[in-house]
Amino acid sequence: MKVKLALAQINTTLGVVEKNLEKHLTRIKEAEAHGADLVLFPELSLTGYVLQDLVPAVAHKPSLEDPVFKELLSASRNIDITVGFVEEDVRSRFFISSAYLSREKVVHVHRKVYLPTYGLFDEGRFFAWGDTTSAFDTRFGRMGMLICEDFWHISPPYLLWLDGADVFLFMSASPGRGLTEAPQLSTAHWVESINRAYASIFTSFVVHCNRVGYEDGLHFWGGSTVYNPDGELLAKAPLQQETLTLCELNLNDLHHTRARLPLLRDERTALVQREMNRILSRDGSASGR
Amino acid sequence: MSDLTINTDLARSILTGFIHSETTRAGFSKAVLGLSGGIDSALSCYLAAEALGGENVLAVRMPYKTSSQESLDHAQLVIDATGVQSMTIPITEMADGLINKFPDMNSLRKGNIMARCRMITLYDQSVAFNGLVVGTGNKTEILLGYTTLFGDSACAFNPIGDLYKTQVRQLSHALCIPEVIVSKAPTADLWAGQTDEGELGFTYADVDKLLYLYVDERYTPEECVEAGFERKFVETVVARVRRFHFKRVMPPIAKLSNRTVGYDFLYLRDWGT
């Protein structure tokens, strides 16, 4: 089975959802015209990233009653869509979320579980922490979504893998930093390295959709990528440019790679559980959350 | 240890993108900057011209009566090379209007007055030319506080403020800025023979390496000494960075209400764009 992806590496207007929605609808149509099965948008693609006190003003609920999601769900009739947004739950907690939409239904919503609150980041001040990382079934097989800092930690991708995800969809609004002699920033190098490693270690597809543009002095670098289960690069979007990058996944590659390299078959989950229980119950354990 | 070498192609594309983004999203298409004849403003000018087109950049030369002819000539080289629009507005008359009232005025006060006269001139041209004022201060001088508050540090945005002087030189080479500008001794040009390095008491090459360890790599002062820098030098620089922090932040507002600008009224400047 083959699935054609379209990575919508876009810039956003900070805090103006209607304008960003318009861009989403245009890109979705464009992806559809190219025969894509699934179009991906970056983290917080409906709002922009450094929202600070704008958070409550740009929040939405992923349901048909919500005017923004009504349009996006309608656009998902013939093409699946992932979209990044600020989610407000019934008790008015705000999350950085990504929704997977298909056939006019919300298939899955992932709430970012790791909120970077250090250095230039201040997410923990404005957002609530998501509490689950679960894989979900799509018409193209089982997938998992993570948002930026989620996959800077090793455990969320690992949990998705155990939960059955074969295609990892990673969304980012990653501010570039670390200018050295190298042709790309340290952040870009780091993200590419770990995504390649995840694809290899989990013998899975790893798709990363990053945004571009500027917010004040911050620069979002783009360079979205797709890796196959052998850890080979299938597609890479240019740095700094808005693009729609198309990439076809041959899902049979999961079979090809895993027949050769049965890392998933041999993963000793019960051992992991035993050791986790032992480590976490130990006095003075560093585990907190 | 302190490798300050940068990829100049990457820096160039990020910085020109930044100038274009910050200018256009604010509703402008043009920029204004002061061109001193030195390397920092030359670099800002090259980047702005590349980002916006030479015809959309106004470079203003603002000599005081003691400024050297060489500075004016070097600024002209930049104007000719980048195709920017230009204007020369001497500040002698406006600066002396205040300076002459105080016969015993020291050079610090005079220098500050000149820097602020230039700021007034640029912000006036900002309205006349309908362009934003582009900053020309580098990371070294920002960290050392070697600027005049509300003077040369005043701008709408600053493309080169995260580049140490050493990196400004590297990027300037890559952009083919005339060698005579890149290699000359940096000076505020307030009096004949004045140089930054003479006034500061150390070279940019040395202080950049130290600042890189202390700021970027988060070394403690003690670790900087262990890394081979003289203790006195480390102490002088660390003290400067702390002492001049006030020049790098907005003035604090006394908090009284539940929501106060600067503390819990938080929006980016690019809000809504």
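Our subject is the structure that appears above.
Just so we're clear, the structure is a prediction, and the values are computed from it rather than from any experiment.

Calculation notes
Residues numbered from 1 in each chain as written. Chains lettered and ligands numbered in written order. Predicted model: local features only at pLDDT ≥ 70, side-chain atom pairs only at ≥ 80, totals over all residues. Helix = DSSP H or I, 4+ residues; strand = E, 2+ residues; numbered from the N terminus. Rg over C-alpha atoms; globule rule 2.2 N^0.38 Å. Buried ≥ 20, exposed ≤ 12 C-beta atoms within 10 Å, placed from the backbone. Contact = placed C-beta atoms within 7 Å. Pairing = 2+ DSSP bridges. Axes fitted to C-alpha atoms, helices over the stretch in contact; angles between N-to-C directions. Core = buried A, V, L, I, M, F, W, Y, C linked by C-beta atoms within 7 Å. Parallel < 35°, antiparallel > 145°, perpendicular 65-115°, else oblique. Left-handed = near helix turned anticlockwise from the far one by under 90°. Nonpolar A, V, L, I, M, F, W, Y, C, P; charged D, E, K, R; others polar. Expected span 1.5 Å × (residues − 1). Right-handed = clockwise from strand over helix to strand, strands pointing away.

A.B. asks: Give me the lowdown on the overall build of chain B, citing residues and values where you can.
C.D. replies: Looking only at helices and strands, chain B has 12 helices and 4 strands in total. A globule of 273 residues ought to have a C-alpha radius of gyration of about 19 Å, and chain B, at 19 Å, matches this closely. Seen through its principal axes, chain B has C-alpha atoms that stretch 50 × 50 × 45 Å. Counting all 273 residues of chain B, 42% fall into the buried class. Put simply, of all contacts in chain B between residues at least 6 apart along the chain, 71% involve residues at least 24 apart.

A.B. asks: So what's going on with the overall build of chain A? Which residues, and what values?
C.D. replies: For chain A, the count of helices and strands is 8 helices and 14 strands. In summary, chain A has a C-alpha radius of gyration of 18 Å against a globular reference of 19 Å for 289 residues, a match within 12%. Its C-alpha atoms give chain A principal-axis dimensions of about 50 × 45 × 45 Å. Relative to its 289 residues, chain A shows a buried fraction of 48%. Sequence separation of 24 or more characterises 66% of the internal contacts of chain A that already satisfy a separation of 6 or more.

A.B. asks: Can you break down the pairing of strand 11 (residues 218-221) of chain A residue by residue, with the values?
C.D. replies: All names here are of chain A. Across 4 bridges, the pairing between strand 10 (residues 212-215) and strand 11 is antiparallel. In the sheet register, Glu215 faces strand 11, and the bridge partner there is Leu218. Connecting strand 10 to the next strand, strand 11, in antiparallel fashion are 2 residues, including Asp216 with a positive phi near 50°.

A.B. asks: Would you mind going over helix 10 (residues 204-216) of chain B in detail, with residue names and values included?
C.D. replies: Residues and elements named next belong to chain B. Turning to helix 10, its buried residues are Tyr204, Val207, Asp208, Lys209, Leu210, Leu211, Tyr212, Leu213 and Tyr214. For helix 10, the elements touching its buried residues are helix 6 (139-144), helix 7 (165-174), helix 9 (196-200), helix 11 (221-226) and helix 12 (231-243). One or two positions beyond helix 10, positive phi appears at Arg218, with a value near 60°.

A.B. asks: Any chance you could break down the sheet that holds strand 7 (residues 141-147) of chain A for me, citing the residues and the numbers?
C.D. replies: Residues and elements named next belong to chain A. Across the sheet, which stays open at both edges, the 6 strands sit in the order 6-7-8-9-12-13 with mixed pairing between neighbours. Single-partner strands in this sheet number two, and they are strand 6 (136-138) and strand 13 (233-236). On average, each strand axis in the sheet is inclined to that of its neighbour by 20°, with strand direction left out of account. With 6 bridges connecting them, strand 8 (residues 167-172) and strand 9 (residues 205-210) associate as parallel partners. Paired with Phe168 across the bridge in strand 9 is Val206. Relative to strand 9, helix 5 (residues 186-201) is tilted by about 155°, and along the sheet it contacts strand 8, strand 9 and strand 12 (225-227).

A.B. asks: So what's going on with the environment of Val182 of chain B? Residues and values would help.
C.D. replies: Residues and elements named next belong to chain B. Secondary-structure assignment places Val182 in helix 8 (residues 179-183). Under the C-beta neighbour-count criterion, Val182 is labelled partly exposed, with 19 such atoms within 10 Å. Measuring from C-alpha to C-alpha, the distance between Val182 and Trp271 comes to 37 Å, with 89 residues separating the pair along the chain. Those residues in contact with Val182, other than ones at most four positions away along the chain, are Ile39, Arg169, Ser172, His173 and Ile177.

A.B. asks: Explain the sheet that holds strand 1 (residues 2-9) of chain A to me, and be specific about the residues and the numbers.
C.D. replies: Note on sheets: strands pair through backbone hydrogen bonds, and any given pair is parallel or antiparallel. All names here are of chain A. Reading across from one edge, 5-4-3-2-1-14 is the order of the 6 strands in this open sheet, with mixed pairing throughout. The strands lining the two open edges of the sheet, one partner per strand, are strand 5 (105-111) and strand 14 (243-250). Neighbour to neighbour, the strand axes of the sheet diverge by 30° on average, direction disregarded. Bridge analysis of strand 1 against strand 14 gives 8 bridges, and the strand direction is antiparallel. Considered in strand 14, the bridge of Val3 is made with Leu249.

A.B. asks: A description of the nonpolar core should follow, citing residues and the corresponding values.
C.D. replies: Among the nonpolar cores identified, the biggest contains 149 residues, and Leu5, Phe168 and Val207 of chain A together with Cys45 and Ala48 of chain B are the most heavily contacted of them. Ranked by the residues each element gives to this core, the list is headed by helix 2 (residues 39-52) of chain B, at 10 residues. The residues contacting Leu5 of chain A, other than those within four sequence positions of it, are Ala36, Leu38, Leu40, Val207, Val226, Cys247 and Leu249 of chain A.

A.B. asks: Just give me the short version of the packing of helix 10 of chain B against helix 12 of chain B, but keep the residues and values in it.
C.D. replies: Residue and element names in this part refer to chain B. As a packed pair, helix 10 and helix 12 sit with axes 11 Å apart at the nearest point and diverge in direction by 70°. Viewed along their axes, helix 10 and helix 12 adopt a mutual orientation that is roughly perpendicular. In the crossing of helix 10 with helix 12, the sense of the turn from one axis to the other is right-handed. Where helix 10 approaches helix 12, its residues Val207, Leu210, Leu211 and Tyr214 are matched on the opposing element by Phe233, Val234, Val237 and Val238. Looking at side-chain class alone, the contact of helix 10 with helix 12 contains 8 nonpolar, no polar and no charged residues.

A.B. asks: So what's going on with unusual backbone geometry? Which residues, and what values?
C.D. replies: All names here are of chain A. Non-glycine residue Arg103 carries a positive phi angle of around 50°. Relative to the assigned elements, Arg103 resides in the loop between strand 4 (94-102) and strand 5. In this model, Thr203 sits at a positive phi of 40°, which is unusual for a non-glycine residue. Looking at the element boundaries, Thr203 is found in the loop between helix 5 and strand 9.

A.B. asks: Can you lay out helix 2 of chain B for me, pointing to particular residues and giving the numbers?
C.D. replies: Working note: α-helix, 3.6 residues per turn, so residues spaced by three or four point in the same direction. All names here are of chain B. With 14 residues, helix 2 extends 20 Å between its outermost C-alpha atoms, agreeing within 8% with the 20 Å of an ideal straight helix rising 1.5 Å per residue. Within helix 2, 13 of the 14 residues are buried, leaving the element largely enclosed by the surrounding structure. Once helix 2 finishes, Gly53 follows within two positions and takes phi at roughly 95°, a positive value.

A.B. asks: Outline the environment of Thr24 of chain B, supporting the account with residue identities and numerical values.
C.D. replies: Topologically, Thr24 of chain B is positioned in helix 1 (residues 8-25). For Thr24 of chain B, a count of 14 C-beta atoms within 10 Å translates into the label partly exposed.

A.B. asks: Got a sec to walk through the pairing of strand 9 of chain A? Specific residues and values, please.
C.D. replies: Residues and elements named next belong to chain A. Burial of strand 9 is extensive: 6 of the 6 residues sit out of reach of the surface. Side chains Phe205, Val207 and Cys209 of strand 9 all project onto a buried face; the interleaved residues Val206, His208 and Asn210 project onto the opposite face, where all are buried too. Since strand 8 and strand 9 lie parallel, the crossover through helix 5 that links them has a hand, and here it is right-handed. Bridge analysis of strand 9 against strand 12 gives 3 bridges, and the strand direction is antiparallel. Paired with Val206 across the two strands is Tyr227, which belongs to strand 12.

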